[in-house]
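For reference, the chains in residue letters:
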Amino acid sequence: VLLEKIEIFNNELSRREKVAKYYTHNIHKMFTTPLIPSSYVSSWAQYSILIPDILERKKVIDDFNHQGIPSMVYYKIPVHLQKGYKKYGYSEGDMKIAENISNRILSLPMHPYLNKEDQNQIISTLNKYS
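Report follows, based on the coordinates. Model, not experiment: these values are computed from the prediction. (Residues numbered from 1 in each chain as written. Predicted model: local features only at pLDDT ≥ 70, side-chain atom pairs only at ≥ 80, totals over all residues. Heavy atoms only, no water.)

Description of the pattern of salt bridges
Cut-off, in case you're wondering: The term salt bridge refers to a pairing of a side-chain nitrogen on Lys or Arg with a carboxyl oxygen on Asp or Glu at a separation within 4 Å. Only protein chains enter the accessibility calculation, which uses a 1.4 Å probe; a residue is then buried when its area is under 20% of its type maximum, exposed when over 50%, and partly exposed in between. Per the convention used, a helix needs a DSSP run of H or I reaching at least four residues, while a strand needs a run of E reaching at least two, with both numbered from the N terminus.
Across all of its chains, the model carries four salt bridges by this definition. Between Glu12 and Lys5 there is a salt bridge, with the nearest N and O atoms lying 3.2 Å from each other. In this structure Glu12 comes out as buried when scored by relative accessible area, which is 11%. With a relative accessible area of 40%, Lys5 lands in the partly exposed category. Across the salt bridge formed by Lys58 and Asp62, the nearest N and O atoms sit 3.0 Å from each other. Here Lys58 and its partner Asp62 are both found in helix 2 (residues 57–66), four residues apart, which amounts to about one turn of the helix. On the basis of relative accessibility, which here comes to 35%, the residue Asp62 falls in the partly exposed class.

Rendered as structure tokens:
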């Protein structure tokens, strides 16, 4: 199976890049979109945005769910607050930037076969808040 995937790997990376660029160019700037430095390449396993502080992430997720749009919060708890790191003595408030991001991050649908119609529905759902 993996040998077959290698055959289309570069094409899928290219298609993911197109989806990411379309998102980045069309999602309203009130949302923070990913920044990949020009000398780097991303495989776009996820396309995660930051919801602005003035907007409740749960409302966006609920709107997505209502429209059948999948979304995911992969990073609900910052590393320093996870059980495995308890021995280091960190507590809430020690790393305010990481905590803020973990409360605002949201991953949008991302795969190489995401069509423009679906992308536009995702983008319009977000942009209605602008």
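Concerning a nonpolar patch on the surface
Condition: Only residues whose relative accessible area exceeds 30% and that form no salt bridge enter a patch; like-charged residues are grouped when within 9 Å of one another, and nonpolar side chains (Val, Leu, Ile, Met, Phe, Trp, Tyr) when within 5 Å. What sets the accessible areas is the Shrake-Rupley method with a 1.4 Å probe; for residues, cover comes only from the shown protein chains.
On the surface, a cluster of nonpolar side chains totalling about 490 Å² of accessible area is made up of Val79, Tyr85, Tyr88, Tyr90 and Met95. Here Met95 shows up in the loop between helix 2 and helix 3 (96–104). Residue classification places Met95 among the partly exposed residues on the basis of a relative accessible area of 32%.

Focus: the packing of helix 1 (residues 2–26) against helix 4 (residues 116–127)
Definition in use: Between N-to-C directions, angles span 0 to 180 degrees; the directions come from axes that are lines fitted to C-alpha atoms, helices contributing only their stretch in contact. These descriptions rest on fixed angle ranges, namely under 35 degrees for roughly parallel, over 145 for roughly antiparallel, 65 to 115 for roughly perpendicular, and the rest for oblique. Each crossing gets its hand from how the near helix is turned against the far one by less than a right angle, where anticlockwise is left-handed and clockwise is right-handed. Contacts are assigned to residue pairs with any non-hydrogen atoms lying within 4.5 Å of each other. The residue classification treats Ala, Val, Leu, Ile, Met, Phe, Trp, Tyr, Cys and Pro as nonpolar and Asp, Glu, Lys and Arg as charged. All others, Gly included, are polar.
Remark: helix 1 packs on helix 4, axes separated minimally by 10 Å, with the N-to-C direction vectors making an angle of 30 degrees. Here helix 1 is positioned roughly parallel relative to helix 4, judged by the angle of their axes. Classified by chirality, the crossing of helix 4 by helix 1 is right-handed. Contacts between helix 1 and helix 4 involve Val19, Tyr22, Tyr23 and Asn26 from the former and Lys116, Gln119, Asn120, Ile122, Ile123 and Asn127 from the latter. Looking at the contact of helix 1 with helix 4 residue by residue, the classes come out as five nonpolar, four polar and one charged.

Some details on the nonpolar core
As a reminder, the rule being used: The nonpolar core is taken to be a set of buried Ala, Val, Leu, Ile, Met, Phe, Trp, Tyr and Cys residues, with the residues joined through side-chain atoms within 4.5 Å.
Ranked by internal contacts, the top residues of the largest apolar core, which has 26 residues, are Tyr23, Ile27, Phe31, Tyr47, Ile49, Leu106 and Leu108. Those elements giving two or more residues to this core turn out to be helix 1, strand 1 (47–50), helix 2, strand 2 (105–108) and helix 4. Excluding anything up to four places from it in sequence, Tyr23 contacts Tyr47, Leu108, Pro109, Leu114, Gln119, Ile122 and Ile123.

A look at the environment of His25
Where we set the bar: In the analysis that follows, any N or O atom pair within 3.5 Å is treated as a polar contact, provided that within protein one partner can donate a hydrogen and the other can accept it, and provided that, for residues neighboring in sequence, both atoms belong to side chains.
With respect to the helices, strands and loops of the structure, His25 is situated in helix 1. Within polar-contact distance, the side chain of His25 engages the backbone oxygen of Lys21 at 2.7 Å.

Observations concerning helix 2
Helical periodicity: at 3.6 residues per turn, an α-helix aligns residues three or four positions apart in one direction. Put simply, the rule reads: Comment: arc refers to directions from the helix axis out to C-beta atoms.
Within the span of helix 2, buried status applies to Arg57, Val60, Ile61, Asp63 and Phe64. Buried residues along helix 2 cover an arc of 160 degrees about the axis, so they all sit on one side. Lining the buried residues of helix 2 we find helix 3, strand 2 and helix 4. One or two positions beyond helix 2, positive phi appears at Gly68, with a value near 75 degrees.

What to know about the packing of aromatic side chains
Two measures describe an aromatic ring pair: the distance that separates the ring centres and the angle between the ring planes. This is how it is decided: A pair of Phe, Tyr and Trp rings is counted when the ring centres sit within 6.5 Å of each other, with Trp represented by its six-membered ring. The angle between the planes then sorts it: under 30 degrees is stacked, over 60 is edge-to-face, the rest tilted.
Counting across every chain of the model gives four aromatic pairs. Aromatic pair Tyr74 and Tyr75: ring centres 6.2 Å apart, planes at 55 degrees, arrangement tilted. The exposure class of Tyr74 is partly exposed, given its relative accessible area of 46%. Note on Tyr85 and Tyr88: the rings are 6.1 Å apart at their centroids and 35 degrees apart in plane angle, and the pair reads as tilted. Taking relative accessible area as the criterion, Tyr85 reaches 37% and is therefore assigned partly exposed. A network of ring pairs unites the aromatic residues Tyr23, Trp44 and Tyr47 as a single cluster.

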